[in-house]
Amino acid sequence: MPSITRKAQSSRAQRRDDIRTKLLAAVEQMLAEGESFTELSVERLVAQAGVARSTFYVYFEDKGELLRAWLEDITSSLDDSAKDWWGLDAAADRDDLRKALSSIVLTYRPHTNLMAAAFDAAAYDAAVREAAMALMTHNAAGLRKHIKTGQRDGFVDPNLPAAEVAQWLTWMAERGLHQLVRGADDATVETLIEAYTAIVWNTLYAPVKA
């Protein structure tokens, strides 16, 4: 009996993942076409996704829950990319930093419209706001730890206030990804990555590597 129960739970989870994928693809398409997530109705969303309205409500309470589920996924993906940056040590050079930051930008880039929708929804949906702030807090904490490790090991400027610099860099990156990377062509994104690298390198590492 337990094996049957586990199989049913696994099947339900897979079904939920499949439905979520369809719904999010539909949201991204409509956002790319100029739709506003705030004004997007569940009826239009499920019609675009080819999902029954009743099926939507089996798995999600509302649009906000759909976004919260996606934020959990993208947090994990961004965390995997950010670890390449946070794992840099004294032997790392500017090219290593660029590769690490490029991974973060390219992970974020396909989802700029959804991330923008999440931050827009955070203005009126407390649960989405909590999830979005958790993402930013997590990113800032990871960067703060990296800065403090670098200061201890002598490859990050020891005069920097680690927590405050981490917060600034995290929020600057979020706004830059939202305002600059969103809708940019490949060549522009490469230039933006180079600029992002320069900002981080000159802020954290250059003073002690000069």
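Since the structure is predicted, the reported quantities are computational estimates derived from the model, not experimental observations.

Draft legend 1. Fine view of the packing of helix 4 (residues 63–86) against helix 5 (residues 94–108). One way to put it is that helix 4 packs onto helix 5 with a least axis distance of 7 Å and a crossing angle of 170°. In this view, helix 4 runs roughly antiparallel relative to helix 5, as classed from their interaxial angle. Judged by residue contacts, I74, S77, L78, S81, A82, D84 and W85 of helix 4 engage L97, A100, L101, S103, I104, T107 and Y108 from helix 5. Residues that form the contact of helix 4 with helix 5 fall into these classes: nine nonpolar, four polar and one charged.

Draft legend 2. Expanded view of the nonpolar core. Grouped together as the largest cluster of nonpolar side chains are 68 residues, with contacts concentrated most on L23, L71, W85, M115, L204 and Y205. With 10 residues, helix 4 is the single largest residue contributor to this core. If sequence neighbours within four positions are ignored, M115 has contacts with W70, L71, I74, L78, Y108 and L135.

Draft legend 3. Broad picture of the pattern of salt bridges. Scanning the model with the defined rule gives 11 salt bridges in all. A salt bridge links E190 to R98; the shortest N-O distance between them is 3.2 Å. Taken as a pair, E190 in helix 9 (residues 186–209) and R98 in helix 5 lie far apart in primary sequence, 92 residues in all. A salt bridge links R175 to E174; the shortest N-O distance between them is 2.7 Å. Among the residues examined, R175 registers a relative accessible area of 37% and is labelled partly exposed. For E174, a relative accessible area of 4% translates into the label buried. Put simply, R94, R98, E190 and E194 are held in one network by salt bridges that share partners.

Draft legend 4. Highlighting the packing of aromatic side chains. Evaluated as defined, the whole model comprises five aromatic pairs. Residues F56 and Y57 carry aromatic rings whose centres are separated by 5.1 Å and whose planes lie at 80° to one another, so their mutual orientation is edge-to-face. You can call Y57 partly exposed: its relative accessible area is 37%. With a centroid separation of 6.4 Å and an interplanar angle of 75°, the aromatic rings of F119 and W171 are classed as edge-to-face. Of this pair, F119 sits in helix 6 (residues 112–121) while W171 sits in helix 8 (residues 162–181), placing them 52 residues apart in sequence.

Rules behind the numbers
- Residues numbered from 1 in each chain as written.
- Predicted model: local features only at pLDDT ≥ 70, side-chain atom pairs only at ≥ 80, totals over all residues.
- Heavy atoms only, no water.
- Axes fitted to C-alpha atoms, helices over the stretch in contact; angles between N-to-C directions.
- Helix = DSSP H or I, 4+ residues; strand = E, 2+ residues; numbered from the N terminus.
- Parallel < 35°, antiparallel > 145°, perpendicular 65-115°, else oblique.
- Contact = heavy atoms within 4.5 Å.
- Nonpolar A, V, L, I, M, F, W, Y, C, P; charged D, E, K, R; others polar.
- Core = buried A, V, L, I, M, F, W, Y, C linked by side-chain atoms within 4.5 Å.
- Buried < 20%, exposed > 50% of the residue type's maximum accessible area, 1.4 Å probe, protein only.
- Salt bridge = Lys/Arg side-chain N within 4 Å of Asp/Glu carboxyl O.
- Phe/Tyr/Trp six-rings, centres within 6.5 Å; stacked < 30°, edge-to-face > 60°.

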